[in-house]
Amino acid sequence: GKSARVTCPQCKEKIVVNAPAEEQAPHAIPETPDAGVDEGDAFEDFFSFTEDDDEGDAYDQNALDYVEEEGKTALLCESDPEILEKVSQVLEVLEYHITVPRSSRDALKKMRYHSYDIVIVNEIFDTQDPEINGVLIYLERLNMEERRNLFVTLLSSRFRTMDQMSAFQKSVNIVVNLNNIQDFDKILRRSLADNDLFYRVYRECLPH
């Protein structure tokens, strides 16, 4: 019973699908889940967007125009100023164009419009419970074709740096413990090189 807005993966034009008036739901669905709500319908609504989003399309379109399609791009989901500055410095040296969303919902909107090369997300970004991190849940649901082209880094205070089992469990490429944030440059460079080597043959075999 809601209107939906999607972006064509080929021409990048926005397509609006309006629901018939007689099929619209009689009651509005809350925009975001309440704290402590389990995954399920609440997150389905959290991941949906309608014509009435209060953030407005102008902000999203401006963000889309600002991203250079030919350059490397990174989505940095971090609210701590010190960590944000440290990670941003590393990404700038590696020549990534950095986008910093204001919330999980803002991050999901940006990922609708652009395919980022790297997503770095703190496990408690825009949430007090790392198990219901909206960005991580969205990334877990991506189809494999999209996910292979995305390098996801989880910033955590719970898991050890480069803990492969934890990374597998959380569906990310690497885990970086916040106690090792000073070594983020070395960790990221090594992990990106390993990831590129791992997928190089696979990507060379894909049809162009």
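Whatever comes next refers back to the structure up there.
The rules behind each value
Residues numbered from 1 in each chain as written. Predicted model: local features only at pLDDT ≥ 70, side-chain atom pairs only at ≥ 80, totals over all residues. Heavy atoms only, no water. Helix = DSSP H or I, 4+ residues; strand = E, 2+ residues; numbered from the N terminus. Core = buried A, V, L, I, M, F, W, Y, C linked by side-chain atoms within 4.5 Å. Buried < 20%, exposed > 50% of the residue type's maximum accessible area, 1.4 Å probe, protein only. Contact = heavy atoms within 4.5 Å. Pairing = 2+ DSSP bridges. Axes fitted to C-alpha atoms, helices over the stretch in contact; angles between N-to-C directions.

Caption draft 1: Spatial organisation of unusual backbone geometry. In this model, E95 sits at a positive phi of 65 degrees, which is unusual for a non-glycine residue. Inspection of the secondary structure puts E95 in the loop between α3 (81-93) and β4 (96-99). Not every positive phi belongs to a glycine, and M162 is a case in point at roughly 65 degrees. With respect to the secondary-structure elements, M162 resides in the loop between β6 (151-156) and α7 (164-169).

Caption draft 2: Quick look at the nonpolar core. Judged by nonpolar contacts, the single largest core of 20 residues is most densely connected at M111, V119, V135 and L139. Looking at this core, the elements with two or more residues in it are β3 (72-77), α4 (104-113), β5 (118-122), α5 (134-140) and β6. Look past the residues within four positions of V119 in its chain and what remains in contact with it is L75, M111, V135, L139, L150, F151, V152 and T153. Counting 19 residues, the second largest nonpolar core, distinct from the first, contains I83, L94, F151 and L192.

Caption draft 3: Representation of the side chain of S166. Here S166 lies in helix α7. On the accessibility criterion, S166 (8% relative accessible area) is buried. Contact partners of S166, with chain neighbours within four places excluded, come to F159 and V175.

Caption draft 4: Seen up close, the sheet that holds β4. The strand order β4-β3-β5-β6-β7 describes an open sheet built from 5 strands, whose pairing is parallel. Here the strands that pair on one side only, and so sit at the sheet edges, are β4 and β7 (174-177). Put simply, the sheet's adjacent strands are angled 20 degrees from each other on average, direction ignored. In this sheet, β4 lies alongside β3 in parallel orientation, the contact comprising 4 bridges. Across the sheet, residue T73 finds its bridge partner in β4, namely H97.

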